[in-house]
Amino acid sequence: MTHPTGRKADHTIDPIFLDRWSPRAFTGEAMPQETLLSLFEAARWAPSAANSQPWRFVYGHRGTEAFDTIFNTLFEGNRRWADKASALVAIVSQTHIPNAEGELRPAFTHAFDTGAAWAYLALEATRAGYHAHAMGGVDREALKEVLGIPDNFRVEAALAIGRIAPKETLPEDLMQREVPSTRKPVTAFISEGKFSA
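Residues numbered from 1 in each chain as written. Predicted model: local features only at pLDDT ≥ 70, side-chain atom pairs only at ≥ 80, totals over all residues. Heavy atoms only, no water.

**Here we look at the environment of Thr-73**
Okay, so step 1: Within the secondary structure, Thr-73 sits in the loop between helix 3 (65-71) and helix 4 (76-82).
Okay, so step 2: Aside from chain neighbours lying at most four places away, what touches Thr-73 is Val-138, Asp-139, Ala-142, Leu-143 and Val-146. (Helix = DSSP H or I, 4+ residues; strand = E, 2+ residues; numbered from the N terminus. Contact = heavy atoms within 4.5 Å.)

As structure tokens, this is what we get:
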């Protein structure tokens, strides 16, 4: 199954999985609040261990102080292009969750569940005509401080959302990298009966 993006699936899947990728070139146009909320609504329905729903999202629309706060914590490589995103988001997970007695206990699947929520959000963004680009290149401690995130939460990543722009709007070195990436074949990460690296 070859897709217009040039990606090729070895097994039958819905095209949305090939449509979703992480561009850097964004138009900078405003994103309606209702559209952004629909992305968070999709994240809301991600699977969650014991229904704990440990994910949290802190966002800012382009042109706002909230956007600038997140933007200023990005590593330089991401600041080169993320200023044209329609919205920036901090993806946060709850590392400890109170039990019935109010005692904080480790939430062992907090990152796993939050990753599922991010994936749901990214697919809904694609369905809505937007793209979502998650970024590990962020000063997590600085972001935690400026957003007032409590100790029992962890910053997982930052996220840029927007409508895709022509790659020619990027600096030359980034323009050359502005293509949907490929993936390892399924056989590289599955094994039957016993783990295989």
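Picking up after the structure, the text goes on.
**Overview of helix 5 (residues 110-127)**
Okay, so step 1: Between its first and last C-alpha, helix 5 extends 26 Å over 18 residues, near the 26 Å set by a 1.5 Å rise per residue.
Okay, so step 2: All buried positions along helix 5 are accounted for by His-110, Asp-113, Thr-114, Ala-117, Trp-118, Leu-121, Ala-122, Glu-124, Ala-125 and Thr-126.
Okay, so step 3: Where helix 5 is buried, its residues contact helix 1 (16-19), helix 2 (33-44), strand 1 (55-61), strand 2 (87-94), strand 5 (131-135) and strand 6 (153-162).
Okay, so step 4: Gly-129 sits one or two residues past helix 5 and shows a positive phi near 90°. (Expected span 1.5 Å × (residues − 1). Buried < 20%, exposed > 50% of the residue type's maximum accessible area, 1.4 Å probe, protein only.)

**Quick notes on the environment of Ala-107**
Okay, so step 1: On the secondary structure map, Ala-107 appears in the loop between strand 4 (104-106) and helix 5.
Okay, so step 2: What makes Ala-107 buried here is its relative accessible area of 12%.
Okay, so step 3: Considered as a pair, Ala-107 and Pro-54 are 53 residues apart in the sequence and their alpha carbons are 8.2 Å apart.
Okay, so step 4: Beyond its immediate chain neighbours, meaning those up to four positions away, Ala-107 contacts Gln-94, Thr-95, His-96 and Ile-97.

**Some thoughts on the packing of helix 2 against helix 5**
Okay, so step 1: The contact between helix 2 and helix 5 brings their axes to 7 Å, and the two run at 140°. As far as their axial angle goes, helix 5 and helix 2 are oblique. Helix 2 and helix 5 meet at a crossing whose hand is right-handed. Together, Ser-38, Leu-39, Phe-40, Ala-42 and Ala-43 of helix 2 and Ala-117, Tyr-120, Leu-121, Glu-124 and Ala-125 of helix 5 make up the contact between the two elements. (Axes fitted to C-alpha atoms, helices over the stretch in contact; angles between N-to-C directions. Parallel < 35°, antiparallel > 145°, perpendicular 65-115°, else oblique. Left-handed = near helix turned anticlockwise from the far one by under 90°.)

It is worth stressing that arrangement in space is one thing and function is another; only the former is reported here.
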